[in-house]
Amino acid sequence: YDKEAGEAASLYTSAFPHSSITGGATLHDTPSGDAPMVSFEVWGTPFMSISAGPLFKFNPSISFMVNFDPSQEKDAQTLLDEAWNKLVEGGQILMPLDAYPFSPHFGWIQDKYGLTWQLMLTNPAGEWRPPVIPSLLFVGDVCGKAEEAADFYISLFPDSKRGTISRWPQGTAPEQEGSIMFTDFMLAGKWFAAMDSAHQRDFAFNEAVSFMVNCATQAEIDYYWDKLSAVPEAEQCGWLKDKYGVSWQIVPAALGEMMSSGTPEQIDRVTQAFLPMKKFDIAKLQAAYAG
C-alpha cells in the first residue's frame, strides 16, 4: 500500500467473518520513510500489509479467492453479499455478482485500494477447500505457463500436490486450447490457484503482492533463495522475483518474533541490519537484536 495499510486491514477484517487484526509495527528510516506494518487474519489466513509508498500498485494478476461454503456457514450467501457490499464501495467491479457455470453466486472486484477479490458461493458437495486462496492470473509474456509454474512450485515445497485442473477447450479464442482455464495446488499445506488468460491485459505480476516463506534455518533460506530467485536486480530485504515474475519473501521465522516482541531500540537495530541485505542472514539479524 502507499499509506493505507492500516485502513485496508480494518476494511478486510470487518468485511469477512472470523477475521481480526493481530499485530503491528513500524519500520523506521526505510527508503520509503517510516513504514507501518499491520498483521491480520482474513478467515484464518494470515496477511501482512505495509505502507511503503506508491512505487508498486496492486493489479488483478494476483487476487484472493474467498470461498463461502454453505456446508460450513449456514448464512454463506448473506455473508458473501455483506462482504461484497463493503468491498464495492469506492472499488471497481471486474465481474458482476451473478450466476456463472462454475458458481451460482460469484463476483470479482477490485477494492478501493486496488487489491482484487473473487467472492464465490461454493458447491457444498464438492471437494473441500479453505476459505481464502491466492489466485495467480498468467497473462502477457507468461500466458500459457500456469501449469508449468504450478509444477515448478510443487517440486520445491514439502507437503505439496496438484488439485483440480481444467483446460480451455477448442473454440474459446483468444484463449489457447489446452492452456489452463483453472487449476489449484497445495504448497507446504497452503492452497493456491492459477489460470491462463490470452486476452490483452495492461498488467503483470509485480512486487505489490508477495508470498512469505518462513524459514527455521539459514539452510532453508539458502535453498528457497537459490531455487526461486531469477531476477538479481529485484533482490532486496528478503524479497525476490521468480522466473514467472511472482514475488516472494524468504524470511527467518525468528524475524517475526523479533519485530513483534522487541523493544523499539531492538526493532530499529534489526531494521537497519536487514535494509542493506538481499538474502537474509539469520546470524547477523540475531546479533543486531542482541545489541
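Numbers given to residues run from 1 along each chain, matching the order in which its sequence is written. Under the rules for a predicted model, residues below a pLDDT of 70 receive no local features and side-chain atom pairs below 80 are neither given nor counted, while totals for whole chains, interfaces and linings still include all residues. The side-chain values count all of the structure's non-hydrogen atoms but skip hydrogen atoms and water molecules.

Caption draft 1: Fine view of the overall build of the protein. Secondary structure counts use DSSP, requiring at least four H or I residues in a row for a helix and at least two E residues in a row for a strand, with both numbered from the N terminus. Counting its regular elements, the protein contains seven helices and 14 strands. All radius of gyration figures rest on C-alpha atoms, and the globule criterion is 2.2 Å times the number of residues raised to 0.38. Its C-alpha atoms give the protein a radius of gyration of 19 Å, within 12% of the compact-globule value 19 Å for 291 residues. Considering only C-alpha atoms, the protein reaches an extent of 60 × 35 × 35 Å along its principal axes. Buried positions account for 49% of the 291 residues belonging to the protein. For the protein, the share of sequence-separated contacts (at least 6 apart) that also reach a separation of at least 24 residues comes to 59%. None of His or the chain ends enter the tally, which takes Lys and Arg as positive and Asp and Glu as negative. A charge is said to be at NZ when it belongs to Lys, at CZ for Arg, at CG for Asp and at CD for Glu. Where the 19 positive side-chain charges of the protein centre and where its 36 negative ones centre are 3 Å apart. For every residue, the accessible area obtained with a 1.4 Å probe (protein chains only) is divided by the maximum for its type, and the residue is called buried under 20%, exposed over 50%, and partly exposed between those limits. The contact definition used throughout considers only heavy atoms, calling two residues in contact when any of these lie within 4.5 Å.

Caption draft 2: Fine view of the pairing of strand S4 (residues 62-68). Among the seven residues in S4, seven count as buried, and that is most of the element. Side chains Ile62, Phe64, Val66 and Phe68 of S4 all project onto a buried face; the interleaved residues Ser63, Met65 and Asn67 project onto the opposite face, where all are buried too. Bridge count for S4 against strand S7 (residues 116-121) is six bridges, and the pairing is parallel. Bridging across to S7, phenylalanine 68 finds its partner in leucine 121. Should DSSP find at least two bridges between two strands, the strands are regarded as paired.

Caption draft 3: Structural context of the sheet that holds strand S1 (residues 20-30). On the basis of which strands lie adjacent, the open sheet formed by three strands has the order S1-S2-S3 and antiparallel pairing. Of all strands in the sheet, those with a lone pairing partner are S1 and strand S3 (45-50), marking the two edges. The sheet shows a mean angle of 15 degrees between the axes of neighbouring strands, taken without regard to direction. Here eight bridges tie S1 to strand S2 (residues 33-42), and the two strands are oriented antiparallel to one another. Bridge pairing links threonine 30 to glycine 33 in S2. In this description, a line fitted to the C-alpha atoms serves as the axis of each element, helices being fitted only across the stretch in contact, and the angle between N-to-C directions of two axes falls anywhere from 0 to 180 degrees. Against the sheet, helix H1 (residues 5-15) touches S1, S2 and S3, its axis set at about 10 degrees to S2.

Caption draft 4: Broad picture of helix H5 (residues 253-261). Residues Leu255, Met258 and Met259 constitute the buried set of H5. Buried residues of H5, viewed axially, fall in a sector of 90 degrees; they line one side. Opposite the buried face of H5, by more than 90 degrees, sit the exposed residues Glu257 and Ser260. Close packing links the buried residues of H5 with S1, strand S14 (247-252), helix H6 (264-274) and helix H7 (282-290). Starting at the helix axis, one direction is taken to each C-beta atom, and the arc is that of these directions.

Caption draft 5: Fine view of the environment of tryptophan 128. Its place among the elements puts tryptophan 128 in the loop between S7 and strand S8 (132-138). When the C-alpha atoms of tryptophan 128 and glutamate 220 are compared, they prove to be 30 Å apart, with 92 residues separating the residues in sequence. Apart from the residues within four sequence positions on either side, tryptophan 128 is in contact with Asp69 and Gln72.

Caption draft 6: Highlighting H6. Listing the buried residues of H6 in full gives Gln266, Ile267, Val270, Thr271 and Phe274. Down the axis, H6 shows its buried residues gathered within 135 degrees of arc, on one side only. Contacts from the buried residues of H6 go to S1, H5 and H7.

Caption draft 7: A look at the sheet that holds strand S12 (residues 210-215). Read across the sheet, three strands follow the order S12-S14-S13 without closing on themselves; strand pairing throughout is mixed. The sheet is open, and its two edges are formed by S12 and strand S13 (239-241), each paired on a single side. Neighbour to neighbour, the strand axes of the sheet diverge by 30 degrees on average, direction disregarded. Judged from the three bridges that link them, S13 and S14 form a sheet pairing that is antiparallel. Looking across to S14, one finds that leucine 240 is bridged to tryptophan 248. Sitting on the sheet, helix H4 (residues 218-228) is in contact with S12, S13 and S14, with an inclination near 165 degrees to S14.

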